[in-house]
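# Results of the structural survey
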2 protein chains.
Amino acid sequence: MSTQLSDTDLEDILNGACLYGAGGGGPYTLGQSLVADIKAGKKPVRLATPAEMTGTDSCCVSGGVGSPSAAAKGFDLHTARTAFDQLASTWGRPFTHVMPIELGAANTILPMTVAAVEGIPILDAAGAYRAVPQITQTAFALHGLPVGGVVLANATQQVAFTAGSAADTDATMRAIISGGTFTDDAGLALWAMDAAAAQRGSLTGTTESARRLGAALRTALQAGQDPVAAVAASLQGRVLIKGTVADEQQQMGEGTDTGLLVIKDEAGREVSVVSQNENLVAWSADSTRPAALAPDLIVTMTVDGQPFSNADLQLADGKQVAVIVAPTAAAMREPAMIAAFLPVIRSAGYYGAWFGV
Amino acid sequence: MSTQLSDTDLEDILNGACLYGAGGGGPYTLGQSLVADIKAGKKPVRLATPAEMTGTDSCCVSGGVGSPSAAAKGFDLHTARTAFDQLASTWGRPFTHVMPIELGAANTILPMTVAAVEGIPILDAAGAYRAVPQITQTAFALHGLPVGGVVLANATQQVAFTAGSAADTDATMRAIISGGTFTDDAGLALWAMDAAAAQRGSLTGTTESARRLGAALRTALQAGQDPVAAVAASLQGRVLIKGTVADEQQQMGEGTDTGLLVIKDEAGREVSVVSQNENLVAWSADSTRPAALAPDLIVTMTVDGQPFSNADLQLADGKQVAVIVAPTAAAMREPAMIAAFLPVIRSAGYYGAWFGV
């Protein structure tokens, strides 16, 4: 029942996932390398749904973790598979499926490279309908799925550990990758789960949503229409500003990038986007409350149609860029999810009440 | 024409200046030591106005600079005088007056110790009607008075330098005091000026305002009235919350403390105060815009009447505390002053439009 993804699908998914990544989810350029790697391998990527999984099926979550800026400097495309294989060896039976942790240029495509090489389908599901700062902001965590064993891998080493709760696992993971032996990023496998857990604890349709969004962007560009308007319409959001980058700050540390992106338009209007990997708070300088708060989407792209993440702001060099704000999926606005996001929104400087776009 | 300050005046000024300090301006406990030192010296402090200065008169600005937390650990009370004397030696003629840089528990009293020992009046004027994060937020800077020579002093060394603009002087000052030879704080003398400059470039009535506010607090306590209500009324402000400290974070670095103070009341309401030495943004967790932005006043005291700064949160240990927000003086709301505050408000995480309490 699984669907085979075409090259166009892969490119649409890359673009859509980068937009949904809302600044995070890994660099667009890394996603491009991963798509190229899949095409070069000539092994198909098949997309399945959690509903198709049966009693003996199982999967784990695969991706990359850490500082997107570090990943942009070079990320071994095979480390996700190394981590997947090592986690599978402790699971007792082969994983029949693999699942992305989130929507994002790298983290949506990375498990596809695993799926292609392992010859198993990737699930059209994920832990979140956007990129998330910590694994505590995933549906897996909110549904109480046990994280279980975790494997971190780079080209030269693997670290396997268990740490109990999602919060402790996230903190341990960041500590390991920023402890000196890793380079602030790593390939990742965790949350081994059976079919029932995958069906109960994941958000479905994420990859297909990315594909549709990417297709909307491609269709607009092919028709000579405004790609920013097309993306905003597809997300049911609005364009907050179109302008140039007036300031950008990115600080790498503890396996996370914290950043500020300031866009100014010709009328002197100014929008500031505060991020921790992902974009967390968007401010208009002429308003006394934010324009958008995570988990709602704060999306960046160039006005000529190139999505970019905070780890590859060079894609915006010398170009007009747009900031789009849009409501996130309903499942991402549940009170428990908002509560999981509040601490990171606060660490981005907003200590007020949450409200939706 | 100068007025001699009584012991009660000194104590009222200490309390009032700490409240106006809005979290900054140096530790209350340091202010107490300074008042005790003045009383022990039995040399009177005389208060004069800039208007009383005549053609040959001159003054400089005296105080302490740096991390209030560092100052709370021990601050040599004589370093301000050392700095004053060294700056005077380059001025060509003796300073006839001395002026505080800002309102605050330590920085309003510190120059009084210099005035008492030197036998000259202290001016009832300052650079700001509150404590300020940088010297760029003083009236001296906004009126374009040249900063001139700067002397930094501690018990063992003095550094004299000139750096041109107020912004460059501030940055140089912070770099020197956090460079390793100072302990993140220092006695300070700068902005040597003649009578005309003092009359044009300072805000007058600051010390008398602190005295009146401190007297209102004392009178309320003596009459068994609510001291928080008395302070709020005297400042024409409002009580934002009364509760207990739910969280406090203070981070010292680069000659500045950055901090967060979270107060929770019995109804579960929560107020977060973000500071950089001084309190810059107050948030209610149930509102989507801040309750107050600097330079408006975000004032902390215990409900039994003890003012405290961010450098002596131990004064609030185990006590109910109040956060009061109040409009700052009109001179502090001029567009140039708001513009000078905006960068520090932004570094505190608020990237929206300024608005008054």
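Residues numbered from 1 in each chain as written. Chains lettered and ligands numbered in written order. Predicted model: local features only at pLDDT ≥ 70, side-chain atom pairs only at ≥ 80, totals over all residues. Heavy atoms only, no water.

Take chain B, turn it by 180°, move it 0.0 Å along the axis, and it overlays chain A with an RMSD of 0.0 Å. Look at the turn and shift together and you get a two-fold axis relating the two. Looking at the rotation axis and the C-alpha trace of chain B, the residue lying nearest is B:Gly349, at 2.1 Å. When the interface residues of chain B are mapped onto chain A, 100% of them again fall at the interface, so both copies present the same face. (Least-squares fit on C-alpha atoms with pLDDT ≥ 70 in both. Contact = heavy atoms within 4.5 Å.)

Another aspect to go through is the environment of B:Ser275. Residues and elements named next belong to chain B. If you trace the backbone, Ser-275 turns up in strand β13 (residues 270-276). Looking at Ser-275, the relative accessible area reads 5%, which means it is buried. Between the alpha carbons of Ser-275 and Thr-207 there is a distance of 23 Å; along the sequence they are 68 residues apart. Here Asn-310 takes part through its side chain, which lies 3.5 Å from a polar atom of the side chain of Ser-275. (Helix = DSSP H or I, 4+ residues; strand = E, 2+ residues; numbered from the N terminus. Buried < 20%, exposed > 50% of the residue type's maximum accessible area, 1.4 Å probe, protein only. Polar contact = N/O pair within 3.5 Å; in protein donor to acceptor, adjacent residues only side chain to side chain.)

With that out of the way, let us pick up helix α2 (residues 28-41) of chain A. Residues and elements named next belong to chain A. In this model α2 runs 20 Å from its N-terminal to its C-terminal C-alpha over 14 residues, within 8% of the 20 Å that 1.5 Å per residue would give. Listed in full, the buried residues belonging to α2 are Tyr-28, Leu-30, Gly-31, Leu-34, Val-35 and Ile-38. The buried residues of α2 occupy an angular sector of 155° when the element is viewed end-on, so they sit on one face. Looking one or two residues beyond α2, the residue adopting positive phi is Lys-42, at roughly 55°. (Expected span 1.5 Å × (residues − 1). Arc of directions from axis to C-beta.)

Time to look at the interface of chain B and chain A. Each partner contributes residues to the interface: chain B has 20 residues there, and chain A has 20 residues. Three residues, B:Trp283, B:Thr288 and B:Tyr351, lead the burial of chain B against chain A; their summed loss comes to 41% of the area buried on that side. For the salt bridge of A:Arg346 with B:Glu270, the shortest nitrogen-to-oxygen distance reads 2.8 Å. A per-element tally of the side of chain B that touches chain A places β13(B) first, with 3 residues. (Buried area = accessible area lost by both parts, 1.4 Å probe. Salt bridge = Lys/Arg side-chain N within 4 Å of Asp/Glu carboxyl O.)

The subject of this paragraph is the packing of helix α2 (residues 28-41) of chain B against helix α5 (residues 105-118) of chain B. All names here are of chain B. In the contact formed by α2 and α5, the axes pass within 8 Å of each other and the chain directions differ by 20°. With respect to α5, the axis of α2 lies roughly parallel. Once α2 is placed against α5, the crossing between them reads as left-handed. Contacts from Tyr-28, Leu-30, Gly-31, Leu-34, Val-35 and Ile-38 in α2 reach Ala-105, Ala-106, Ile-109, Leu-110, Met-112 and Thr-113 in α5. Considered class by class, the residues forming the contact of α2 with α5 number 10 nonpolar, 2 polar and no charged. (Axes fitted to C-alpha atoms, helices over the stretch in contact; angles between N-to-C directions. Parallel < 35°, antiparallel > 145°, perpendicular 65-115°, else oblique. Left-handed = near helix turned anticlockwise from the far one by under 90°. Nonpolar A, V, L, I, M, F, W, Y, C, P; charged D, E, K, R; others polar.)

In this structure, the largest pocket spans a volume of roughly 1600 Å³. If you trace the largest pocket, you find 44 residues lining it, with A:Gln251, A:Ser347, B:Gln251, B:Thr258 and B:Ser347 closest to the centre. No other element matches the 6 residues that strand β11 (residues 238-253) of chain B contributes to the lining of the largest pocket. For the lining of the largest pocket, the per-class residue count stands at 15 nonpolar, 21 polar and 8 charged. The computed volume of the second largest pocket comes to approximately 230 Å³. For the lining of the second largest pocket, the element with the most residues is helix α9 (residues 206-222) of chain B, which contributes 3 residues. Its residues assigned to classes, the lining of the second largest pocket shows 7 nonpolar, 4 polar and 1 charged. (1 Å grid on protein atoms, 1.4 Å probe; cavity = no way out; pocket = protein on both sides within 12 Å on 5 of 7 lines; lining within 4 Å. Points joined across faces, edges and corners; volume = space filled by probe spheres on them.)

Further remarks concern the pairing of strand β13 (residues 270-276) of chain A. Within a regular beta strand, the side chains point alternately toward one face of the sheet and then the other, so they alternate between its two faces. All names here are of chain A. The buried fraction of β13 is high, at 7 of 7 residues. Of the two faces of β13, the one holding Glu-270, Ser-272, Val-274 and Gln-276 and the one holding Val-271, Val-273 and Ser-275 are both buried throughout. Relative to strand β14 (residues 278-284), β13 runs antiparallel, the two sharing 6 bridges. Across the sheet, the residue bridging to Val-273 is Ala-282, located in β14. Counted along the chain from β13 to the antiparallel partner β14, the turn is 1 residue long, and its residue Asn-277 has a positive phi close to 60°. (Pairing = 2+ DSSP bridges.)

Looking now at the nonpolar core. With 154 residues, the main nonpolar core has A:Met112 and B:Met112 as its most contacted residues. Setting aside residues up to four positions removed in sequence, A:Met112 forms contacts with A:Leu5, A:Leu10, A:Ile13, A:Ile38, A:Val45, A:Ile122 and A:Thr207. By size, the runner-up hydrophobic cluster in this structure holds 29 residues, among which are A:Ala48, A:Val61, A:Val147 and A:Ala186. (Core = buried A, V, L, I, M, F, W, Y, C linked by side-chain atoms within 4.5 Å.)

What follows deals with the pattern of salt bridges. Residues and elements named next belong to chain A. Per the stated rule, a full pass over the model turns up 28 salt bridges over all chains. The shortest N-O distance in the salt bridge between Glu-208 and Arg-212 comes to 3.6 Å. Residue Glu-208 and its partner Arg-212 are located together in helix α9 (residues 206-222), separated by 4 residues, close to a single helical turn. Classification of Glu-208 by relative accessible area gives partly exposed; the value is 24%. By relative accessible area, which is 46% here, Arg-212 ends up partly exposed. Residues joined in a network through salt bridges with shared partners are Arg-81, Asp-85 and Glu-118.

Moving on, we get to the packing of aromatic side chains. Counted under the stated rule, the structure contains 13 aromatic pairs over all chains. Judged by centre distance (6.2 Å) and plane angle (50°), the rings of A:Trp283 and B:Trp283 are tilted. Of this pair, A:Trp283 sits in strand β14 while B:Trp283 sits in strand β14 (residues 278-284), which puts the two residues in different chains. Its relative accessible area of 0% is what places B:Trp283 among the buried residues. Among the aromatic residues, those joined into a ring-pair cluster are A:Trp283, A:Tyr350, B:Trp283 and B:Tyr350. Note that A:Arg289 overlies the ring of A:Phe355, its terminal NZ or CZ placed 4.0 Å from the centroid. (Phe/Tyr/Trp six-rings, centres within 6.5 Å; stacked < 30°, edge-to-face > 60°. Lys NZ or Arg CZ within 6 Å of the ring centre and 35° of its normal.)

Our focus in this paragraph is the domain arrangement of chain A. All names here are of chain A. As far as domains go, chain A holds domain 1 (3-204) and domain 2 (224-347). Placing a centre on the C-alpha atoms of domain 1 and another on those of domain 2 gives a separation of 23 Å. Each partner contributes to the interface: domain 1 provides 37 residues, whereas domain 2 provides 39 residues. Counting each side, the surface lost to burial between domain 1 and domain 2 is near 2800 Å², with a carbon and sulfur contribution of 64%. Our count for the contact surface shared by domain 1 and domain 2 stands at 0 salt bridges. Where domain 1 touches domain 2, the interface holds 10 residue pairs in polar contact (both at pLDDT 80 or more). The set of elements that each furnish at least two residues to the side of domain 1 that touches domain 2 consists of α1 (7-21), α2, α3 (68-72), α6 (139-142) and α7 (166-177). No other element matches the 5 residues that α1 contributes to the side of domain 1 that touches domain 2. (Domains from an automatic or database assignment.)

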